[in-house]
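Remarks on the overall topology
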Amino acid sequence: MFDVTSAWKSAYPGAHAGVLVMKDVTNPAHHPLLEKQKAELESALRDQFKSQDRSAIASHPVLKAYGEYYKRFKKTYHVQLQLESIVLKGKSIPSVAALVESMFMAEIKNMLLTAGHDLDVLGLPLTLDVSNGTESYIVMRGEAQTLKPGDMFISDTLGIVSDIIYGPDQRTQINAGTRNVVFTVYVPAGIGEQTVTEHLQDIRDYVLLIAPQAHVEVLKVVP
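Residues numbered from 1 in each chain as written. Predicted model: local features only at pLDDT ≥ 70, side-chain atom pairs only at ≥ 80, totals over all residues. Heavy atoms only, no water.

All right, on to the pairing of strand 8 (residues 159-163) then. Burial runs high along strand 8: four of the five residues are buried. One ladder, built from four bridges, connects strand 7 (residues 152-156) with strand 8; its direction is antiparallel. From the neighbouring strand, Ser155 faces strand 8, where its bridge partner is Ile160. Counted along the chain from strand 7 to the antiparallel partner strand 8, the turn is two residues long. Here two bridges tie strand 8 to strand 9 (residues 167-168), and the two strands are oriented antiparallel to one another. (Buried < 20%, exposed > 50% of the residue type's maximum accessible area, 1.4 Å probe, protein only. Helix = DSSP H or I, 4+ residues; strand = E, 2+ residues; numbered from the N terminus. Pairing = 2+ DSSP bridges.)

Another point: the pairing of strand 3 (residues 113-118). Across the six residues that make up strand 3, a large majority, six, are buried. For strand 3 and strand 10 (residues 180-187), the ladder comprises six bridges, and the chain directions are antiparallel. Across the sheet, Ala115 pairs through a bridge with Thr184, a residue of strand 10.

Pairing within the open sheet is antiparallel, and its four strands lie in the order 3-10-2-11. This sheet does not close on itself; its edge strands, each paired only once, are strand 3 and strand 11 (215-222). Averaged over all pairs of adjacent strands, the angle between their axes in this sheet comes to 15 degrees, without regard to strand direction. (Axes fitted to C-alpha atoms, helices over the stretch in contact; angles between N-to-C directions.)

For the rest of this paragraph, the subject is helix 6 (residues 98-110). With 13 residues, helix 6 should cover 18 Å at 1.5 Å per step; its first-to-last C-alpha distance of 18 Å lies within 8% of that length. Burial within helix 6 is extensive, with 11 of its 13 residues counted as buried. For helix 6, every residue scored as buried is listed here: Ala98, Leu99, Val100, Glu101, Ser102, Met103, Met105, Ala106, Glu107, Ile108 and Asn110. Taken together, the buried residues of helix 6 touch helix 2 (32-48), helix 4 (61-71), helix 5 (78-87), strand 3, strand 10 and helix 7 (193-210). The first or second residue beyond helix 6 is Met111, which carries a positive phi of 70 degrees. (Expected span 1.5 Å × (residues − 1). Contact = heavy atoms within 4.5 Å.)

Below, the discussion takes up helix 2. Relative to the 24 Å expected for 17 residues at 1.5 Å per residue, helix 2 spans 24 Å between its end C-alpha atoms, a close match to the ideal helical length. Taken as a whole, helix 2 has its buried residues at Leu34, Lys38, Leu41, Glu42 and Leu45. Down the axis of helix 2, the buried side of the element spans an arc of 100 degrees, and every buried residue falls inside it. If you follow the buried residues of helix 2, they end up packed against helix 5, helix 6 and helix 7. (Arc of directions from axis to C-beta.)

By size, the foremost hydrophobic cluster in this structure holds 66 residues, and its most contacted members are Tyr66 and Leu83. Ranked by residues supplied to this core, first place goes to helix 6 with seven residues. Contact partners of Leu83, with chain neighbours within four places excluded, come to Leu45, Phe49, Ile57, Leu63, Ile108 and Met111. Counting residues in each nonpolar core, the second largest holds five residues, with Tyr137, Leu147, Phe153 and Ile160 among its members. (Core = buried A, V, L, I, M, F, W, Y, C linked by side-chain atoms within 4.5 Å.)

Structural data, given as structure tokens:
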């Protein structure tokens, strides 16, 4: 289901990835229980980070780990920017289809970079690797994108499905008809395995709110 290359292990000692596979899900455009959870999460985040400025927020251990990774590529961790918009500007977590929103909520709560894919479109196994700078894929906006050398990426047997800097692909994106789903998490060194496990469990619990008939096929942290 999920392979890890020796090149990735060599390039990123101490890093992890998380994988959650759930089957028999549904993906409604809106779900009241999830909306209630979202409002409670936004309130909890504002309490957690109250009186903190951008610098203080960025010093959070999880955000610091991602910040150091993104700095190598002269980028800013976008989840940190989304968190700042919620706690400093009073913005809300975007309202999107429920499966994607479940992922966004856990991502903001735990600050771990996550991608979601329609499992039935994937050619398994998935492989976690590190880029040499020649690989390319079609990103969500429908354009071809070449990866930056040294970036972590995940591919299936048909091509790249996501990387850290440029995000998920268009081909395997979650849609209204998705019934089986896989969530993957990129985790740089400095973040513990238990944190990743709890993040996957949060996604699972949010999905079960909207699809109580769903079941977990895989929930694990690698390597």
